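Residues per chain, in single letters:
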Amino acid sequence: NSENSENSENSENSENSENNTKNHLTLYKLFLVKAQSLLALNYPQEAQKQLQLANELVSHSQNNKQNHQLSLTFDYYNTSQKIFAAQGKPVLAVNAQLNAFALNADATSEDVQAIWQQLETLTQWQITDLTNNNPPFIQGWAKLLTFSHQFGANPQQFSNELTSWQKQYPAHPAVSILPSLQASIASEQSPNGTTDNIAILLPLTGNQQEAGLAAQQGILAAYNTNANRQLFFIDTNQIDWQKLSDRISELKVNQIVGPLLKANVETFLSLSTQQPTLQI
């Protein structure tokens, strides 16, 4: 009788545990549906609260040994990505995107390309912040970004670095987009060995000199010496704007970066409507 009673109690406990798990799973799905609905109605803050409830439920499930543990799902991270993007939180959005990708059994190379495009929009400090969150595959992504930033102006060196990277991360999802990365870098270079003459318009003197010099130093720091690329810095506080077109023609400029200051941008755009030389 004692054995029967114990078996009955174990069976009852198991049944209760299973019922609790089903109830938790139903509640978890309900939180997700509410979050997705609120987001569709353009209430990202309220949607995030529903995801927080889902997260807390999963944590409770994982801490309760009597229940089968729940886990955060693809739908959770996918919805999180959209919410953070709507809130203007790019680091958290990409973090969620990487977690969603890792749970997506049907992920495609287009999904990988979408991740790369989002990563490329991040600043260096944002990439560091993202790396600290340690989402799936982030170490490989971070190194690939570093190579792109350092060697993007040199297709051959970039290609060599990609070969080294692939040996270190042979199973990384970005392997599928390496050919397109190499092609995009190559397409940015001058065709047929012609020279890119780039005019960079900055305030190198005057009240905004500090900002102009900082921009100049940043450009030079990122610039890799390339026989097919020439930089010409033009001080927007020293030029005669009416003669800028002549200067651009003289230097055979085919790309222009700047101007840095809003007022100068408006001046440049106004001149470009009258002077085709500036329409590049």
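Residues numbered from 1 in each chain as written. Predicted model: local features only at pLDDT ≥ 70, side-chain atom pairs only at ≥ 80, totals over all residues. Heavy atoms only, no water.

**Q** Teacher, can you tell me more about the pairing of strand β1 (residues 196-202) here?
**A** For a regular strand, the rule is simple: side chains alternate between the two faces of the sheet. Counting buried residues in β1 gives seven out of seven residues, a clear majority hidden from the surface. Burial of β1 is two-sided: the residues D196, I198, I200 and L202 facing one way and the residues N197, A199 and L201 facing the other way are all buried. Relative to strand β2 (residues 229-235), β1 runs parallel, the two being bridged by seven bridges. Residue D196 lies in a different strand from β2, and its bridge partner there is R229. (Buried < 20%, exposed > 50% of the residue type's maximum accessible area, 1.4 Å probe, protein only. Helix = DSSP H or I, 4+ residues; strand = E, 2+ residues; numbered from the N terminus. Pairing = 2+ DSSP bridges.)

**Q** Explanation requested: the sheet that holds β2 in the structure shown.
**A** Strand pairs in the sheet, formed through backbone hydrogen bonds, run parallel or antiparallel to each other. A sheet is described by the order of its strands in space; here three strands give the open sequence β2-β1-β3, paired in parallel fashion. With one partner strand each, in any of the chains shown, β2 and β3 (255-257) form the two edges of the open sheet. Taking each pair of neighbouring strands and ignoring which way they run, the sheet shows an average axis angle of 25 degrees. Of the strands in this sheet, β1 and β2 touch helix α10 (residues 209-222), which is tilted by about 175 degrees from β2. (Axes fitted to C-alpha atoms, helices over the stretch in contact; angles between N-to-C directions. Contact = heavy atoms within 4.5 Å.)

**Q** Teacher, can you tell me more about the packing of helix α4 (residues 90-102) against helix α6 (residues 124-133) here?
**A** One can describe the packing of α4 onto α6 by two numbers: an axis separation of 10 Å at closest approach and a directional angle of 45 degrees. In terms of orientation, α4 and α6 fall into the oblique class. Considering how the two elements wind past one another, α4 and α6 form a crossing that is right-handed. Judged by residue contacts, P90, V91, V94, N95 and L98 of α4 engage Q126, D129, L130 and N133 from α6. Class assignment of the residues belonging to the contact of α4 with α6 gives a composition of five nonpolar, three polar and one charged. (Parallel < 35°, antiparallel > 145°, perpendicular 65-115°, else oblique. Left-handed = near helix turned anticlockwise from the far one by under 90°. Nonpolar A, V, L, I, M, F, W, Y, C, P; charged D, E, K, R; others polar.)

**Q** I'm lost on the nonpolar core in this one. Help?
**A** General note: in soluble globular proteins, nonpolar side chains tend to be found buried as a group. Grouped together as the largest cluster of nonpolar side chains are 25 residues, with contacts concentrated most on L119, L130, W141 and L144. Put simply, the parts of the chain that give this core at least two residues each are α4, α5 (109-120), α6, α7 (138-151), α8 (155-168) and α9 (178-187). Per element, the largest residue contribution to this core is six residues, and it comes from α7. When neighbours within four sequence positions are excluded, L119 is seen to be in contact with V94, L130, W141 and L145. Core analysis: the second largest hydrophobic core is formed by 15 residues, Y28, F31, A35 and V58 among them. (Core = buried A, V, L, I, M, F, W, Y, C linked by side-chain atoms within 4.5 Å.)

**Q** When you look at the environment of Q62 in this model, what are you seeing that I'm missing?
**A** By secondary structure assignment, the location of Q62 is in helix α2 (residues 44-63). In this structure Q62 touches Q69, L70 and S71, once residues within four positions along its chain are discounted. In terms of polar contacts, Q62 uses its side chain to reach the backbone carbonyl oxygen of L70, at 3.1 Å. (Polar contact = N/O pair within 3.5 Å; in protein donor to acceptor, adjacent residues only side chain to side chain.)

The analysis is restricted to geometry; functional conclusions fall outside its scope.
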